[in-house]
Amino acid sequence: MKKWRCGVCRYVHDGDHPPAACPKCNAPAEKFTEIPAEESALIERARRTNHYHVELLALLEEVKTIAELGLEDKLDPPCVSLFQKAIQSAVELRQAIKAELLGHMQKGKWG
Ligand SMILES: [Fe+2]
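Residues numbered from 1 in each chain as written. Predicted model: local features only at pLDDT ≥ 70, side-chain atom pairs only at ≥ 80, totals over all residues. Heavy atoms only, no water.

Enquirer: Honestly, the nonpolar core in this entry has me stumped. Any pointers?
Expert: Generally speaking, a soluble globular protein has its nonpolar side chains buried in company with each other. Trp-4, Cys-6, Cys-9, Cys-22, Ala-27 and Phe-32 together form the largest nonpolar core, which totals six residues. Once residues within four sequence positions are removed from consideration, Cys-22 is found in contact with Cys-6, Cys-9, Tyr-11, Ala-27 and Phe-32. With five residues, the next largest nonpolar core counts Leu-60, Ala-90, Ile-97 and Leu-101 among its residues. (Core = buried A, V, L, I, M, F, W, Y, C linked by side-chain atoms within 4.5 Å. Buried < 20%, exposed > 50% of the residue type's maximum accessible area, 1.4 Å probe, protein only. Contact = heavy atoms within 4.5 Å.)

Enquirer: What is the right way to look at the layout of surface pockets in this model?
Expert: With a probe scaled to a water molecule rolled over the atoms, the places where space remains empty come into view. Of the volumes computed, that of the largest pocket is approximately 410 Å³. Around the largest pocket sit 16 residues that line it, and Ile-43, Ala-46, Gly-108, Lys-109 and Trp-110 are the ones nearest its centre. Put simply, the parts of the chain that give the lining of the largest pocket at least two residues each are α1 (37–73) and α2 (77–106). Residue classes in the lining of the largest pocket are distributed as six nonpolar, four polar and six charged. Formed jointly, the lining of the largest pocket draws a minimum of three residues from each of two domains, domain 1 (1–35) and domain 2 (47–106). (1 Å grid on protein atoms, 1.4 Å probe; cavity = no way out; pocket = protein on both sides within 12 Å on 5 of 7 lines; lining within 4 Å. Points joined across faces, edges and corners; volume = space filled by probe spheres on them. Helix = DSSP H or I, 4+ residues; strand = E, 2+ residues; numbered from the N terminus. Nonpolar A, V, L, I, M, F, W, Y, C, P; charged D, E, K, R; others polar. Domains from an automatic or database assignment.)

Enquirer: How should I be thinking about the side chain of Lys-3 in this particular structure?
Expert: By secondary structure assignment, the location of Lys-3 is in strand β1 (residues 3–6). Here Asp-14 takes part through its side chain, which lies 3.1 Å from a polar atom of the side chain of Lys-3. (Polar contact = N/O pair within 3.5 Å; in protein donor to acceptor, adjacent residues only side chain to side chain.)

Enquirer: What should I look at first to understand the coordination of the iron ion in this one?
Expert: Around a metal, the idealised angle for a tetrahedral arrangement of four donor atoms is 109.5 degrees; for an octahedral arrangement of six donor atoms it is 90 or 180 degrees. Coordination of the iron ion by the protein comes from Cys-6 (SG), Cys-9 (SG), Cys-22 (SG) and Cys-25 (SG), over a distance range of 2.2 to 2.4 Å. Here the iron ion is ringed by four donor atoms whose angles at the metal span 104 to 115 degrees, and the overall shape comes out tetrahedral. Counting residues between consecutive donors of the iron ion along the chain gives the motif C-x2-C-x12-C-x2-C. You can call Cys-25 partly exposed: its relative accessible area is 30%. (Donors = N, O, S within 2.8 Å, 3.2 Å for Na, K, Ca; no water. Tetrahedral: all angles 85-135°; square planar, octahedral: opposite > 155°, others 65-115°.)

Structure, rendered in structure tokens:
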């Protein structure tokens, strides 16, 4: 599918034609330019990867919640140690993913 970029705010529109007006900044259709096929394919890949990162963020939050429940139960020291490690790893991975996503946004890989 073709993609069009707003020359005012960089909004990316998917479709055979540019929108009549930019949904973000209301610029007219003439302000849109078609994004070349190679760049368009890169935008699709970036969207897919960003989606994976967001899915991982949700799963890691679930890992943290479950590990906190296990920690509350305190069945035995090895279990407590594993739950503490799970929480620590989930928190660190979430922070790393957020930093990566911020980098994507700053590099324009968020379309
Ligand atoms: Fe715009």
